[in-house]
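# Geometric and topological summary
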Amino acid sequence: MAYITLRDVQLAFGGPALLDGANFNLERGERVCLIGRNGEGKSTLLKLIEGSLLPDAGEVSIQNGLTVSMLAQDVPMSSGKVADIVADGAGEAATVLKAYHEASDACTLGDMEACDHMGNLQHKLDQLDGWALENKVNAILSKMGLDPNADLADLSGGRKRRVLLARALLTQPDVLLLDEPTNHLDVESIEWLEKFLMDQNNLTLLFISHDRSFVDSIATRIVELDRGVLRSYEGNYSRYLDLKAQQMEAEEKQNALFDKKLAEEEAWIRQGIKARRTRNEGRVRALKALRDESKARRFQQGKVSMATQDANRSGKLVFDIEHLSVSYDDKPLIKDFSALVMRGDRIGLVGDNGVGKTTLIKAILGEIEHGGSVKTGTQLEIAYFDQLRNALDLEKTVMANVSEGSDFVDVNGNRRHIYSYLQDFLFSPERARTPVKALSGGERNRILLAKLLLKPSNLIVMDEPTNDLDMVTLELLEEMLSEYKGTLLLISHDRAFMDNVVTSTWVFDGKGNIDEYIGGYQDYLEQRPDQKVVDQKSDVKKAQAKAEASAAPKKVKLSYKDQRELEQLPAEIEKLETEQAELSDKLADGSWFVSDADAATKASQRLAEIEELLLEKLERWDELENLSKGN
């Protein structure tokens, strides 16, 4: 018997049904990832299973005796002792134990009523096995590396989520529900969470996540909530993409056949009486049914349409950073950092929360004081995506935030009405008139993107742009940034996003030092000097493999930037050679110097430049070819 079963579940809140006859089974030991577009109802589904919501119709069935625990998406801002917050996960036992300790303290001070009350509380604790609770709390906090006496308010976002996870796991649930568990976590915390969940024997998981690396590592099955219906796809996210493409193709063919039949019947009913003498009531009723089915059909939510606004190219040098240092309260946050940022670089910043990633960005942009120097290149036009959403006025509408009061916006030289532009980001005219404070995190991120992309830029700075975005929008953002001609500075905890976008990575060690690595996050893991192995056997195997590999030439994986350069060099060389041949022919007989001396002189100078460029490019081609072949 399945642990959890949904049968024909119906749920709506005034608009289209979030769940429209949904069916679902969760079996023991499965790790199921629930995915879907923003606003489809994923968190609502978890609340139905948890029991805090009831369906309008249908059945949510949970196996008898099964314990279900949920880790909510929002991290609390309140304070409190970590051990007490975790113990609260035990429900009544925690309440009784806390009351017992309070009565004990009062009894010690001479309160006889408290002493009498202790007897009743002691009996309840015996029934609830509450005496073991403290040991359980200390054991799980030790396992998660948490201080039981710390105040929740003083912890980072990642540590707070560990506290909530400890609370959810305290009662050793059979099923754990996780709503965006990686949101606002740094990469180290996400990797810790991955390992921790995989090490929990027999724990059944149902979780929501937009982090594709996390999903690929954890999930044994993907379930998509799409237009009120749950569809299951065996395997991880990569497998889901293949199966989903096949399903969408079949759906489009089916819809096309339906539309064709409806059009034929509509044409028949519009014919004159003579042409319709063969009509019968059955055919008319069938047409009415087709019309009703067409009206009821729910189309998949559209995709965000996004593109950057063209700006003049910046100078080749974007930033020359020398010995940059930043301190807070005499504590060094960034120590003696030097780097060159060139036009077209796409740099990812990686490190734990609080190590100074955002601080470095602000120092480079001149927003805060710092030691050392930053020389800024020419003609920079900067677009800044802020993780704190400071660019949004929560009281104003979506439209007012994006267009700043105007009914029209300029998009690459074309004048567009603000409603039309916002529909590219999936905001209907009605939604465009909604105050930002009423919108979800994913919708607020889309507003920031809409606002950011109205600004012509040749340098985009993005601080955690992926939080709360659904996977489809994430992939479209990836595609846009990959094609961006300018320079990118990106802070993100999304490893797949970093791997697909950046060409180099700055890694913060938390002690003020920053190291630069070629490529994305996976490239950094392969290059870092202190790469750890699981156990001593792995150490020996790796040493042997390294010794064997060093005896033969190694094929080096080129970075994304170098690979693109290698692919483009032959065409660039051919173009230069063509120009060289044309200029040589025109200058050959010397008549050009007589007819137009200035032009001929410039052509002669250009010919000399081409010879130098050809030499550089041929040498570079040879260098990259040898690197890729391991010579």
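Residues numbered from 1 in each chain as written. Predicted model: local features only at pLDDT ≥ 70, side-chain atom pairs only at ≥ 80, totals over all residues. Heavy atoms only, no water.

## Things to note about the state of the cysteines
Should the sulfur atoms of two cysteines be covalently bonded, the bond is a disulfide. In the structure shown here, the tally under the stated rule is one disulfide. The partner cysteine of Cys107 in its disulfide is Cys115, sulfur to sulfur 1.8 Å. Sign of the S-S torsion, about 100° for the bond between Cys107 and Cys115, identifies this disulfide as right-handed. (Disulfide = S-S within 2.5 Å.)

## Some words on empty space enclosed by the protein
Taken as a whole and judged by the stated rule, the model has two cavities of 30 Å³ or more. Size it by volume and the second largest cavity reaches roughly 40 Å³. Surrounding the second largest cavity, Asp186, Val187, Leu349, Val350, Gly351, Asn353, Lys357, Glu464, Ser492 and His493 form its lining. Per-class residue counts for the lining of the second largest cavity are three nonpolar, four polar and three charged. (1 Å grid on protein atoms, 1.4 Å probe; cavity = no way out; pocket = protein on both sides within 12 Å on 5 of 7 lines; lining within 4 Å. Points joined across faces, edges and corners; volume = space filled by probe spheres on them. Nonpolar A, V, L, I, M, F, W, Y, C, P; charged D, E, K, R; others polar.)

## What about a negative patch on the surface?
Residues Glu611, Glu612, Glu616, Glu619 and Asp622 make up a contiguous surface patch of negative charge. Turning to its location among the elements, Glu616 is positioned in helix H22 (residues 597-629). Overall, the relative accessible area of 49% leaves Glu616 in the partly exposed class. (Patch = residues over 30% accessible without salt bridge, like charges linked within 9 Å, V, L, I, M, F, W, Y side chains within 5 Å. Areas by Shrake-Rupley, 256 points an atom, 1.4 Å probe, with all protein chains shown as cover. Salt bridge = Lys/Arg side-chain N within 4 Å of Asp/Glu carboxyl O. Lys, Arg positive; Asp, Glu negative; His and termini not counted. Charge placed at Lys NZ, Arg CZ, Asp CG, Glu CD. Helix = DSSP H or I, 4+ residues; strand = E, 2+ residues; numbered from the N terminus. Buried < 20%, exposed > 50% of the residue type's maximum accessible area, 1.4 Å probe, protein only.)

## Focus: helix H11 (residues 357-364)
Along H11, six of the eight residues are buried, which leaves the element largely enclosed by surrounding structure. Listing the buried residues of H11 in full gives Lys357, Thr359, Leu360, Ile361, Ala363 and Ile364. Looking one or two residues beyond H11, the residue adopting positive phi is Gly366, at roughly 80°.

## Observations regarding the sheet that holds strand E13 (residues 371-376)
Reading across from one edge, E11-E10-E13 is the order of the three strands in this open sheet, with antiparallel pairing throughout. Single-partner strands in this sheet number two, and they are strand E11 (331-342) and E13. Pairwise comparison of adjacent strand axes, ignoring direction, gives a mean angle of 10° for this sheet. Here strand E10 (residues 317-328) pairs with E11 via eight bridges, running antiparallel. Directly across from Phe319, in E11, lies its bridge partner Val341. Sheet contacts for H11: E10, E11 and E13; angle to E10, the most-contacted strand, approximately 125°. (Pairing = 2+ DSSP bridges. Axes fitted to C-alpha atoms, helices over the stretch in contact; angles between N-to-C directions. Contact = heavy atoms within 4.5 Å.)

## Here we look at the pairing of strand E17 (residues 459-463)
Burial runs high along E17: five of the five residues are buried. Across four bridges, the pairing between strand E14 (residues 382-385) and E17 is parallel. Its bridge partner being in E17, Ile382 is matched across the sheet by Leu459. Crossover connection from E17 via helix H16 (residues 471-483) to parallel strand E18 (residues 487-491): handedness right-handed. (Right-handed = clockwise from strand over helix to strand, strands pointing away.)

## Description of the confidence of the model for the protein chain
Confidence in the prediction for the protein chain averages 80 pLDDT; 84% of positions are at 70 or higher. This model gives residues 532-538 a pLDDT under 50, and the stretch forms three contacts once residues within four places in sequence are excluded. Below pLDDT 50 for its whole length, residues 545-555 participates in seven contacts with residues either more than four positions away or in separate chains. (pLDDT = per-residue confidence, 0-100.)

## Re unusual backbone geometry
Backbone geometry at His323 places phi at a positive 50°, although glycine is not the residue there. Mapping His323 onto the fold places it in strand E10. Judged by relative accessible area, which is 48%, His323 ranks as partly exposed.

## Section: the environment of Ser492
Mapped onto the elements of the fold, Ser492 is located in the loop between E18 and helix H17 (495-501). Ser492 sits in the buried class, given a relative accessible area of 4%. Taking C-alpha positions, Ser492 is 9.8 Å from Lys357, a pair spaced 135 residues apart along the chain. Only 3.0 Å separates the side chain of Ser492 from the backbone nitrogen of Asp494, close enough to count as a polar contact. (Polar contact = N/O pair within 3.5 Å; in protein donor to acceptor, adjacent residues only side chain to side chain.)

## Side note on the sheet that holds E14
Within a beta sheet, neighbouring strands are joined by backbone hydrogen bonds and run either parallel or antiparallel to one another. As summarised here, the arrangement of the six strands in space is E14-E17-E18-E12-E19-E20, forming an open sheet in which the pairing is mixed. Strands at the two margins of the open sheet, each flanked by one partner only, are E14 and strand E20 (514-518). Put simply, the sheet's adjacent strands are angled 15° from each other on average, direction ignored. Against the sheet, helix H15 (residues 441-452) makes contact with E14 and E17, and its axis sits at roughly 175° relative to E14, the strand it touches most.

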